[in-house]
Amino acid sequence: MTAPVDPTSTEAWAELDALRASFSPDLRAWFAEDPTRAERLSLPLADLHVDLSKNLVTDDVLAALVRLAEQTGVAERFAALLAGEHINTTEDRAVLHTALRRPAGSSPALVVDGQRIDEDVQAVLDEVSSFAERVRGGDWVGVTGKRVTHVVNIGIGGSDLGPVMVYEALKPYADAGLEARFVSNIDPTDLAQKTADLDAETTLFIVASKTFTTLETLTNARLARDWLWTRLEEKGATGSDETSRADAVAHHFVAVSTALDKVEAFGIDPRNAFGFWDWVGGRYSVDSAIGTSLAVVLGPDVFRELLAGFHAVDEHVRTTPLERNVPALMGLLNVWYTNFLGAQTHAVLPYAQQLHRFPAYLQQLTMESNGKSVRWDGSPVTTDTGEIFWGEPGTNGQHAFYQLIHQGTRLIPADFVAFANPAYPLRDGERDVHGLFLANFLAQTKALAFGKTAEEVEAEGTTGALVAARTFAGNRPTTSIFGPALTPSVLGQLIALYEHIVFAQGAVWGINSFDQWGVELGKQLALQIAPAIEGDADALADQDASTRALLAYYRDHRTA
Ligand code: F6P
């Protein structure tokens, strides 16, 4: 693995620095002077129309950003990813989530580290599909012979956020009378509330964990198993002997993991488990068997259509020159905002209620990937890295935090995501409600870009101090991502778009976007502190003064 290029030492970086020094963004003037700006800076990405024109960039800045990508080897790094090189250096692994969505029969076949990747991917996809059909068709039944009505996915991080986000987004496609629920938090409230109204006889648990060691998931899986046994036994549906209990687990638990030996040790028959591989990162795994809950509830055809959407964007990235490569350009814009214009956060604002979990999903994808202070060779980074991603669906956010984006002192680049057609075409009398919704999306991006001058405010009759309060500076950058409808394929395109944006930024910064060592310390400390919670004096003595005081508060206030 070659050493990362220091982006700050490139000629392009110096060019960008010089451009920044005299940079005076004026979207009103830029649009007025160049009637082709919107057209020139709007690019197709599979079914999506991506309008970059309301970003704070001139042609010179864009050209220099493209040169930065060239000089830091973004395209070469993407080729290394596709080829299965071990670009995840700290874990010595290939990074091959793009292989999960290669169509069957892709040529030339992908063989990495001796593994025939395409064949293995298709084999698991077929297994997941046929399992899904059995559940959907009523061939897979619970221990008392009843059809499954509820699927509960137990997982956390990438083993939860992807499935729950996609389920919420594509719920209108759930056509088999099945409902999915998602339990992730080790706070017992999560499992207690999500199972409270369920019938054990018709509930299927999917334990999803890449490593099958995650404390939260294994704890919740054991709680779910106890819940199952208790509920079945209370009803007199099954006995409480070991054989009956094993039988209950066999009918009501399946697993998804790369560690099938650990699945078996938990008590789940490996024949009821779906595998994947260490070259799929957790936050890149929704299109692996981690999506089994989706294949069951939405159907295998919907799941395959989702994969096709991902693949369309992979192909765009692979075959499109940087100047028109949408994910690369969006990643480069983020570099411009983060490293040159001082932005610290990035908002993602879906104008689609179905995407209400999309910002949370993106937080793991972006921040676990690019929240790094060292580069892939272990040397310190030379620039600021990953920005803070956040967001909420419009129009809710408009009535909450948009004030700060419009008139605050911080620069917050924002992505707006919208769809021409709604899942539910409702009318309010004569009015098309979705049309009104889209008018809000268009109005917000327009207001952010062009603002409202003091003269315009005064022309409306406002005077005195109110003029300044009612003035909008504009020049607040946005990207509009417009799709025809939130279909499975379009959703796959959207997810893949962000995967590749993250990749492009990581490549410029020279970081490994595929490890997550930053989550380890807290996990270790939780295990050290747990005995102190239980009252272990030695563990208590080991703690710092603040932690000891918090533990004392806990002991004084707990009632159970
Ligand atoms: O703790 C972080 C993390 O490792 C994520 O990267 C991952 O998605 C999540 O935990 C869950 O891990 P697993 O799928 O192995 O249970």
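Residues numbered from 1 in each chain as written. Predicted model: local features only at pLDDT ≥ 70, side-chain atom pairs only at ≥ 80, totals over all residues.

We now examine the nonpolar core. Membership of the largest hydrophobic core comes to 144 residues, with the highest contact counts inside it found for Leu65 and Leu332. No other element matches the 14 residues that helix H20 (residues 488-509) contributes to this core. Not counting residues up to four positions away in its chain, the partners in contact with Leu332 are Leu65, Val66, Leu68, Ala69 and Ala504. (Core = buried A, V, L, I, M, F, W, Y, C linked by C-beta atoms within 7 Å. Buried ≥ 20, exposed ≤ 12 C-beta atoms within 10 Å, placed from the backbone. Helix = DSSP H or I, 4+ residues; strand = E, 2+ residues; numbered from the N terminus. Contact = placed C-beta atoms within 7 Å.)

All right, on to the environment of Tyr554 then. Its location among the elements puts Tyr554 in helix H23 (residues 545-557). Separated by 512 residues in sequence, Tyr554 and Ser42 place their C-alpha atoms 56 Å apart.

At their nearest, the axes of helix H9 (residues 215-235) and helix H10 (residues 242-252) sit 10 Å apart, and the two run at 115 degrees to each other. The interaxial crossing formed by H9 with H10 has right-handed handedness. Residues Arg225, Leu228, Trp229 and Leu232 of H9 pack against Arg245, Ala248, Val249 and His252 of H10. Looking at the contact of H9 with H10 residue by residue, the class counts come to five nonpolar, one polar and two charged. (Axes fitted to C-alpha atoms, helices over the stretch in contact; angles between N-to-C directions. Left-handed = near helix turned anticlockwise from the far one by under 90°. Nonpolar A, V, L, I, M, F, W, Y, C, P; charged D, E, K, R; others polar.)

A few words now on the UniProt feature "active site" (unreviewed entry) in the protein chain. Under the present numbering, the feature "active site" (unreviewed entry) in UniProt falls on Glu368, His399 and Lys523. Taken along the chain, the residues just named run across 156 residues; in space they spread out, the farthest C-alpha pair reaching 36.8 Å. Topologically, His399 is positioned in the loop between strand E11 (388-390) and helix H16 (402-407). Its location among the elements puts Lys523 in helix H21 (residues 520-533). (UniProt positions renumbered as here; feature names shortened; annotations may be inferred.)

A few words on the site of the ligand. Inspection of the region around the ligand gives 14 residues, with Gly157, Gly158, Ser209, Thr214 and Gly282 positioned closest. Partitioning the shell around the ligand into residue classes produces two nonpolar, nine polar and three charged. (Near = placed C-beta within 6 Å.)

We now examine helix H13 (residues 300-319). Over its 20 residues, H13 extends 28 Å from the first C-alpha to the last, a length consistent with the 28 Å expected when each residue adds 1.5 Å. Taken together, the buried positions of H13 are occupied by Val302, Phe303, Leu306, Leu307, Gly309, Phe310, His311, Val313, Asp314, His316 and Val317. Of the surrounding secondary structure, the elements contacted by the buried residues of H13 are strand E1 (42-45), helix H5 (74-82), helix H7 (161-170), helix H12 (292-298), helix H14 (326-340) and H20. (Expected span 1.5 Å × (residues − 1).)

Two elements in contact, helix H8 (residues 188-195) and H9, have axes whose closest approach is 10 Å; the angle formed by their N-to-C orientations is 35 degrees. When you trace H8 past H9, the crossing you get is right-handed. Taking contact as the criterion, the partners of Pro188, Leu191 and Thr195 in H8 are, on H9, Asn220, Leu223, Ala224 and Trp227. Residues of the contact of H8 with H9, tallied by class, amount to five nonpolar, two polar and no charged.

Turning next to the pairing of strand E10 (residues 345-351). Most of E10 is tucked away, with six of its seven residues classed as buried. Here E10 pairs with E11 via three bridges, running parallel. Residue pairing across strands places Ala347 opposite Trp390, the latter belonging to E11. Regarding the hand of the β-α-β motif, the stretch spanning E10, helix H15 (residues 358-370) and E11 is right-handed. Here E10 runs beside strand E12 (residues 414-421); their pairing, made up of five bridges, is parallel. Residue pairing in the sheet places Pro350 in a bridge with Val417 of E12. (Pairing = 2+ DSSP bridges. Right-handed = clockwise from strand over helix to strand, strands pointing away.)

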